[in-house]
Amino acid sequence: METNRKENLLKAAEGAGGAAARLKKDSRPAYQQMALEFPPTEDELEQEAIVEAVLFTMGQSVEVRQLAAAIGMNEDCAREAALRLKKRYEQRKGGLQVIELDGAFQMCTRSEYYENLIRVAATPKRQVLTEVVLETLSIIAYRQPVTKMEIEKIRGVKSDHAVNKLIEYNLVYEVGRLDAPGRPALFATTEEFLRRFGIGSTVDLPGLNPEQEEEIKSEVEEELQMKLEELEQEQTDDRAAEDTEEGQEED
């Protein structure tokens, strides 16, 4: 009697709650487990609808492999579905858009409606990128992963403040450590960098021609010269102040 009861319980678990029971035993990520539990979605329009629902619900970037799990297909198929959805949003020119971010997709509002949004929503804190910070960001974007020492070698001046600001703004992050004495930190751009500058991948960064490189070098040299002149002026002022104090003491 007890044996039959156990068999009935196992059958019941394998029926209505069987999928949940198997998921609990499976230690893999949920999106991989779910891919085995649900049939694949082969209809293209339905694939787009599922991708749309996932992107809207998540509210942040979703990796292609997660979208693949949602539709029960491979990653190439999921990426194609997301790209079709992206194209549809571009054609309808509504207030929302789908953007691609280095192996992931995200649904977000169009930047041209920012001024309208802040009329009813809290105004986000504006992050001011000075020329020095932008210059440092450019070096990291084109040379990543790069150490702070390499950045300073290119700029010719200390870059601690600029790098710290970029980390604070979530535009760069510490991606690892260089296998060298002292193990200096390596910096690279973030997904937020791609989002802010409207590019899908660092591969899409515009190339720098020799003239642009020379222009950046000239700007750095000018900045360094200005700093040296300011320092010399401060030293001159300090000496003048000291001479004045000495003259007053003699009187």
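Quick note: structure is the one above.
Right, let's walk through the structure included here. (Residues numbered from 1 in each chain as written. Predicted model: local features only at pLDDT ≥ 70, side-chain atom pairs only at ≥ 80, totals over all residues. Heavy atoms only, no water.)

Right, let's talk about the packing of aromatic side chains for a bit. In this structure the tally under the stated criterion is one aromatic pair. Ring centres of Phe-193 and Phe-197 lie 5.0 Å apart, and the angle between their planes is 40 degrees; on these two criteria the pair is classed as tilted. A residue pair is termed a helical-turn pair when its members lie 3 or 4 positions apart in one helix, as Phe-193 and Phe-197 do in helix H11 (residues 191-197) at four residues. For Phe-193, a relative accessible area of 4% gives the class buried. A relative accessible area of 40% means that Phe-197 is categorised as partly exposed. (Phe/Tyr/Trp six-rings, centres within 6.5 Å; stacked < 30°, edge-to-face > 60°. Helix = DSSP H or I, 4+ residues; strand = E, 2+ residues; numbered from the N terminus. Buried < 20%, exposed > 50% of the residue type's maximum accessible area, 1.4 Å probe, protein only.)

Formed by 23 residues in total, the largest nonpolar core has its most connected members in Leu-137, Ile-140, Ile-151, Leu-166, Leu-171 and Phe-193. The set of elements that each furnish at least two residues to this core consists of helix H8 (131-143), helix H10 (160-168), strand S6 (185-189) and H11. No other element matches H8, which puts five residues into this core. Discounting residues that sit within four places of it in the chain, Ile-140 has contacts with Val-146, Ile-151, Leu-166, Val-172, Phe-187, Ala-188 and Thr-189. (Core = buried A, V, L, I, M, F, W, Y, C linked by side-chain atoms within 4.5 Å. Contact = heavy atoms within 4.5 Å.)

To continue, consider the environment of Tyr-173. Examined against the element boundaries, Tyr-173 turns out to sit in strand S5 (residues 172-177). Once you skip the residues sitting within four places of it in the chain, Tyr-173 turns out to touch Leu-186, Phe-187, Ala-188, Thr-189 and Thr-190.

Our next topic: the pattern of salt bridges. If charged atoms from side chains of opposite charge come close, those side chains can pair. Within this structure, the stated rule accounts for 14 salt bridges. Across the pair Glu-44 and Arg-84 runs a salt bridge, and its minimum N-O distance is 3.9 Å. Taken together, the residues Glu-44 in helix H4 (residues 44-58) and Arg-84 in helix H6 (residues 75-92) connect sequence positions 40 residues apart. The closest approach of N and O atoms between Glu-192 and Arg-195, which form a salt bridge, is 2.4 Å. One end of the pair is Glu-192 and the other is Arg-195, both in helix H11 and three residues apart, which spans about a single turn. (Salt bridge = Lys/Arg side-chain N within 4 Å of Asp/Glu carboxyl O.)

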